[in-house]
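Listed below are the residues making up each chain.
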Amino acid sequence: MNSNLKEGGCLCGKVRYQIDLKNHQTGNCHCKDCQRQAGAPFVPFTSVDAVQFKWLSKPDGEYRATEKAVRRFCTSCGSLVTWEGVDFPYRKTVVTSTLDVMTATFDEPEDIPITYEIFTKNRWKSIPPVPGAKQFLEDNE
């Protein structure tokens, strides 16, 4: 069995997915859009090549805060599951199309290391940087 293969889903269980974490990158986003969408000071997300992600039961909700991406969510419980958009320079892996999955929706997210943080200019003063994680004031550094 592939040890990189993980599953996850929304709060109510209606939305489910499978993801291969080979060459993944996981970061925290401190942008205002993510803060408002999540009702939280930042959002942990994991990026993979889109071919490494498969919906087992796809969400029926989608929202576009900007032209950069579509956010997919469960309309039953409101859980944000993916952010599907353009590539940014802080991603090390060269891929044709990436997909960002909200890391907290993994069935077992506890062991996923945070390696970078973006939009740190919006970080709440009471929240320190993740030790050892690269820091980016914007998304295009």
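Residues numbered from 1 in each chain as written. Predicted model: local features only at pLDDT ≥ 70, side-chain atom pairs only at ≥ 80, totals over all residues. Heavy atoms only, no water.

Caption draft 1: Broad picture of the sheet that holds strand E11 (residues 134-135). Here we have eight strands laid out as an open sheet, ordered E6-E7-E8-E9-E4-E3-E10-E11, and mixed in their pairing. Here the strands that pair on one side only, and so sit at the sheet edges, are strand E6 (61-63) and E11. Relative to strand E10 (residues 116-118), strand E3 (residues 25-29) runs parallel, the two sharing three bridges. Bridging across to E10, asparagine 28 finds its partner in glutamate 117. (Pairing = 2+ DSSP bridges. Helix = DSSP H or I, 4+ residues; strand = E, 2+ residues; numbered from the N terminus.)

Caption draft 2: Inspection of the environment of threonine 115 at higher detail. Structurally, the position occupied by threonine 115 is in the loop between strand E9 (98-102) and E10. Relative accessible area serves as the criterion here: at 39%, threonine 115 is assigned to the partly exposed category. The spacing of threonine 115 and alanine 133 is 18 residues in sequence and 4.5 Å in space, taken between C-alpha atoms. The residues contacting threonine 115, other than those within four sequence positions of it, are Thr26, Ala133 and Lys134. (Buried < 20%, exposed > 50% of the residue type's maximum accessible area, 1.4 Å probe, protein only. Contact = heavy atoms within 4.5 Å.)

Caption draft 3: Quick look at unusual backbone geometry. With a phi close to 60°, asparagine 23 is a non-glycine residue in the positive phi region. Relative to the helices and strands, asparagine 23 resides in the loop between strand E2 (16-20) and E3. Of note in the backbone geometry, phenylalanine 119 takes a positive phi value of approximately 55° without being a glycine. Turning to its location among the elements, phenylalanine 119 is positioned in the loop between E10 and E11.

Caption draft 4: Seen up close, the environment of glutamate 108. For glutamate 108, the location among the structural elements is in the loop between E9 and E10. Glutamate 108 sits in the exposed class, given a relative accessible area of 61%. Distance in space between the C-alpha atoms of glutamate 108 and glycine 8 is 7.9 Å, their sequence separation being 100 residues.

Caption draft 5: The arrangement of the layout of surface pockets in detail. Its volume calculated, the second largest pocket comes out at about 240 Å³. Contributing to the lining of the second largest pocket are 14 residues, with Ala38, Leu80, Met102, Ala104 and Thr105 lying nearest its centre. The residue makeup of the lining of the second largest pocket, split by class, is nine nonpolar, five polar and no charged. (1 Å grid on protein atoms, 1.4 Å probe; cavity = no way out; pocket = protein on both sides within 12 Å on 5 of 7 lines; lining within 4 Å. Points joined across faces, edges and corners; volume = space filled by probe spheres on them. Nonpolar A, V, L, I, M, F, W, Y, C, P; charged D, E, K, R; others polar.)

Caption draft 6: Geometry of the sheet that holds E2. The antiparallel open sheet is built from three strands, whose spatial order is E1-E2-E5. Each edge of the open sheet carries a strand with a single partner, namely strand E1 (5-9) and strand E5 (53-57). Across the sheet, the mean angle from the axis of one strand to that of its neighbour is 25°, orientation sign disregarded. Two elements, E2 and E5, share four bridges in a ladder whose sense is antiparallel. Directly across from glutamine 18, in E5, lies its bridge partner lysine 54. (Axes fitted to C-alpha atoms, helices over the stretch in contact; angles between N-to-C directions.)

Caption draft 7: Structural context of the side chain of asparagine 28. By the secondary structure assignment, asparagine 28 is in strand E3. Given the relative accessible area of 3%, asparagine 28 is considered buried. Of the polar contacts made by the side chain of asparagine 28, one reaches the side chain of glutamate 117; its length is 3.3 Å. (Polar contact = N/O pair within 3.5 Å; in protein donor to acceptor, adjacent residues only side chain to side chain.)

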